[in-house]
Amino acid sequence: MAGHGTRGRSGGRPTLEEVAARAGVGRGTVSRVINGSPRVSDATRAAVEVAVAELGYVPNTAARALAANRTDAIALVVPEPETRFFAEPYFSDMLRGVGAELSDTEMQLLLIFAGSDRERQRLAQYLAAHRVDGVLLVSVHADDPLPDLLAQLEIPAVISGPRSAAERLASVDSDNYGGARSAVEHLASRGRGRIAHITGRMDVYGAQRRVDGYRDALRDAGLDTDERLIERGDFSEEGGRLAMAELLRRRPDLDAVFAASDVTAAGARHALRAAGRRIPDDVALVGYDDSAIARHMDPPLTSVRQPIQEMGRAMMNLLLTEIADRRPAASRGLDRHQAVLATELVARASS
């Protein structure tokens, strides 16, 4: 049988219909083969693939996306300044997990920063034009309007942790409450009785839950629950340093600190050393995230491991499911999907 080369009967690009005629199958069967559907026999798939090769047919992905009202693009939105994104291992680990889950698809990932009002306004316009099929929102604050905008636009979206207990959007998070409890229980088991806590940003629900876990674990262990042992931080190193200095001023007798992140713990360590406190002899120190920072600190930092890469993969997987269903869970009237992944305390020399 003579090949047609790379031109169809019309002299232009070969069409789907011409591939179907060549393979002796229907147009829908060719479409299923091209889209990787398993509902095609091996013999039929082979016939279509031969016809595609002989005709030089190239699927028009843009037309396909338009016909399906799809853009084949996912936005990973970070409502934080770029400096924080590149300074904290949490974000790079999350991005790594998202990328790994997306690698088996033909979809593109767009990284969008929305840390300023101007960036948020520009993002709102971009989303309103439906230029992406779905959105992953990382590091969401309680008063952030973006999740409600996504729900209003009916754009499938998944966020990294709910904004509150009443969250309506799909979310993936780690067990912040249980992780904080495990940190305090570990310190108590080492004989520490005056355990301080440097919080994360308190407009982040995960930070609130860590405070809840800290307080409940202290109470259950019968330990000092003085509110002066709690100082607000913001997940940053400088925030940790300032908070630690304030805690030492208020409660110089403290003998342990649980920090809301490893980065915060690094700042706390600087303040402790500046004050002449030895770690762990005088003050035990525990962080949260189990990032590379924890492993390379001197002494190595005990930390609560949250599976950040796995969280990224789970967020992406959940979003792809929502996109396949074409409508977000909220508009389908389904129960919101909120996955919570387990944490694990990794003990090292700092405690």
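Before reading further, recall that the structure is shown in the block above.
Residues numbered from 1 in each chain as written. Predicted model: local features only at pLDDT ≥ 70, side-chain atom pairs only at ≥ 80, totals over all residues. Heavy atoms only, no water.

> Would you take a moment to explain the sheet that holds strand β9 (residues 284–289) for this structure?
Strand pairing within a sheet occurs via backbone hydrogen bonds; the two strands may be parallel or antiparallel. With mixed pairing, the six strands of this open sheet are ordered in space as β7-β6-β8-β9-β10-β12. Both outer strands of the open sheet, β7 (230–231) and β12 (344–346), are each paired with one neighbouring strand and no more. Of the strand pairs in this sheet, strand β10 (residues 302–305) and β12 are connected by three bridges, and their pairing is antiparallel. Looking across to β12, one finds that arginine 305 is bridged to glutamate 344. Contacting β6 (195–198), β8 (256–259), β9 and β10, helix α12 (residues 262–274) crosses the sheet at an angle of about 155° to β9. (Pairing = 2+ DSSP bridges. Helix = DSSP H or I, 4+ residues; strand = E, 2+ residues; numbered from the N terminus. Contact = heavy atoms within 4.5 Å. Axes fitted to C-alpha atoms, helices over the stretch in contact; angles between N-to-C directions.)

> Help me understand the packing of helix α1 (residues 16–23) against helix α3 (residues 42–55) in this model?
Running from N to C, α1 and α3 point in directions that differ by 125°, and their axes come no closer than 9 Å. Classed by the angle they form, the pair α1 and α3 counts as oblique. The way α1 lies across α3 gives a crossing that is right-handed. Contacts between α1 and α3 involve Glu18, Val19, Arg22 and Ala23 from the former and Ala47, Val48, Ala51, Val52, Glu54 and Leu55 from the latter. (Parallel < 35°, antiparallel > 145°, perpendicular 65-115°, else oblique. Left-handed = near helix turned anticlockwise from the far one by under 90°.)

> What is the right way to read the sheet that holds strand β1 (residues 73–78) from this model?
Taken in spatial order, the six strands line up as β2-β1-β3-β4-β5-β11 in an open sheet, and their pairing is parallel. Either end of the sheet is taken by a strand with one partner, and the two such strands are β2 (108–113) and β11 (338–341). Going from strand to strand, the sheet's axes swing by 20° on average, the running direction of each strand aside. Across two bridges, strand β4 (residues 157–159) lies against strand β5 (residues 170–174) in parallel orientation. Bridge pairing in β5 links valine 158 to alanine 170.

> What should I look at first to understand the environment of leucine 285 in this one?
Note that leucine 285 resides in strand β9. Residue leucine 285 is classed as buried on the basis of its relative accessible area, which comes to 1%. Each C-alpha atom, one on leucine 285 and one on isoleucine 195, is 9.5 Å from the other, the two residues being 90 residues apart in sequence. Beyond its immediate stretch of four places on either side in the chain, leucine 285 contacts Val257, Ala265, Ala268, Arg269, Ile279, Leu301, Thr302, Ser350 and Ser351. (Buried < 20%, exposed > 50% of the residue type's maximum accessible area, 1.4 Å probe, protein only.)

> Would you explain the packing of helix α11 (residues 237–250) against α12 in this entry?
Two quantities define a packed helix pair, namely the angle between the helix axes and the distance between the axes. As a packed pair, α11 and α12 sit with axes 6 Å apart at the nearest point and diverge in direction by 45°. If you check the angle between α11 and α12, you find them oblique. With respect to the hand of their crossing, α11 and α12 are arranged in right-handed fashion. In this structure, α11 uses Glu237, Gly240, Arg241, Met244, Ala245 and Leu248 to contact α12, whose residues at the interface are Val263, Thr264, Ala266, Gly267, Ala268, His270, Ala271 and Leu272.

> What is the right way to look at the pairing of β6 in this model?
Strand residues, when the strand is regular, have side chains that alternate between the two faces of the sheet. Alternating residues of β6 divide into Ile195 and His197 and Ala196 and Ile198, and every residue in both groups is buried. Sheet topology places β6 next to β8; four bridges connect them, and they run parallel. Bridge assignment links isoleucine 198 to a residue of β8, and that residue is alanine 259. Where β6 meets β7, two bridges bridge the pair, whose relative direction is parallel. Counterpart to isoleucine 198 in the pairing with β7 is glutamate 231.

> Would you mind going over the nonpolar core with me for this structure?
A general trend in soluble globular proteins is that nonpolar side chains are found buried together. By size, the foremost hydrophobic cluster in this structure holds 36 residues, and its most contacted members are Tyr214, Met244, Leu254, Val257 and Phe258. Of all the elements in the fold, those that place two or more residues in this core are α9 (176–189), β6, α10 (205–221), α11, β8, α12 and β9. No other element matches α12, which puts five residues into this core. The residues touching valine 257, leaving out its near neighbours within four places in the chain, are Leu187, Ala196, Ile198, Met244, Val283, Ala284, Leu285 and Val286. Counting 24 residues, the second largest nonpolar core, distinct from the first, contains Phe85, Met94, Ile308 and Met316. (Core = buried A, V, L, I, M, F, W, Y, C linked by side-chain atoms within 4.5 Å.)

> For this particular structure, what's the right way to read unusual backbone geometry?
For residues besides glycine, phi is generally negative; the peptide bonds are generally trans as well. The residue after isoleucine 279, namely proline 280, is reached through a cis peptide bond having omega 5°. Summarising the element assignment, proline 280 is placed in the loop between α12 and β9. Backbone torsion omega between aspartate 298 and proline 299 reads -5°, so that peptide bond is classified as cis. Relative to the elements of secondary structure, proline 299 occurs in the loop between α13 (292–296) and β10.

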